[in-house]
Amino acid sequence: MNRLSKAIGHLEAVKRMVDQDADCSDVLIQLAAVRSAINNTGKVVLKNHLNHCIVEAVEEHDTEAIDKLNQAIDKFMK
């Protein structure tokens, strides 16, 4: 939640920059930082999911959970 809150706050700051007609280069740099924060949050979620849900799914031979993870990774990586 902390990572998401920081990304939201950062994105709101970028929105204010656009409202204030900030330099486009500066806006793009900050958007890249927001994108990186979101991607890093995704990595944390994925690692947590692997360490808990997928380990349990493998132990229980739950191929549906693994298929759902593969679909989610495909969508996240687009």
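Nothing here was measured: the structure is a model prediction, and the numbers come from that model.

Caption draft 1: Summary view of the layout of surface pockets. Of the voids in this model, the largest pocket is the one considered here, and its volume is about 250 Å³. Secondary structure elements with two or more residues in the lining of the largest pocket: α2 (24-59) and α3 (63-77). With 6 residues, the single largest contributor to the lining of the largest pocket is α2. Class assignment for the residues of the lining of the largest pocket results in 7 nonpolar, 3 polar and 1 charged.

Caption draft 2: Just a nonpolar patch on the surface, in detail. There is a patch of nonpolar side chains on the surface, built from L46, L50, I73, F76 and M77 and spanning about 420 Å² of accessible area. Element by element, the count of residues in the nonpolar patch is highest for α3, at 3 residues. Overall, F76 belongs to the partly exposed group, its relative accessible area being 39%.

Caption draft 3: View of α3. For α3, built from 15 residues, the straight-helix expectation of 21 Å at 1.5 Å per residue is met to within 8% by its first-to-last C-alpha distance of 21 Å. The backbone nitrogen of E64 has a side-chain oxygen 3.2 Å away, supplied by the residue at the start of α3, namely D62.

Caption draft 4: Main features of the environment of H10. On the secondary structure map, H10 appears in helix α1 (residues 2-19). Those residues in contact with H10 that sit more than four places away from it in its chain are Q30, A33 and V34.

Caption draft 5: Just the environment of A72, in detail. Within the secondary structure, A72 sits in helix α3. Judged by relative accessible area, A72 falls into the partly exposed class, the value being 42%. Spatially, the C-alpha atom of A72 lies 18 Å from that of E56, the residues being 16 residues apart in sequence.

Caption draft 6: Local environment of a positive patch on the surface. A cluster of basic residues, R3, K6, K43 and K47, forms a positive patch on the protein surface. Those elements giving two or more residues to the positive patch turn out to be α1 and α2. Note that K6 resides in helix α1.

The rules behind these values
Residues numbered from 1 in each chain as written. Predicted model: local features only at pLDDT ≥ 70, side-chain atom pairs only at ≥ 80, totals over all residues. Heavy atoms only, no water. 1 Å grid on protein atoms, 1.4 Å probe; cavity = no way out; pocket = protein on both sides within 12 Å on 5 of 7 lines; lining within 4 Å. Points joined across faces, edges and corners; volume = space filled by probe spheres on them. Helix = DSSP H or I, 4+ residues; strand = E, 2+ residues; numbered from the N terminus. Nonpolar A, V, L, I, M, F, W, Y, C, P; charged D, E, K, R; others polar. Patch = residues over 30% accessible without salt bridge, like charges linked within 9 Å, V, L, I, M, F, W, Y side chains within 5 Å. Areas by Shrake-Rupley, 256 points an atom, 1.4 Å probe, with all protein chains shown as cover. Salt bridge = Lys/Arg side-chain N within 4 Å of Asp/Glu carboxyl O. Buried < 20%, exposed > 50% of the residue type's maximum accessible area, 1.4 Å probe, protein only. Expected span 1.5 Å × (residues − 1). Polar contact = N/O pair within 3.5 Å; in protein donor to acceptor, adjacent residues only side chain to side chain. Contact = heavy atoms within 4.5 Å. Lys, Arg positive; Asp, Glu negative; His and termini not counted. Charge placed at Lys NZ, Arg CZ, Asp CG, Glu CD.

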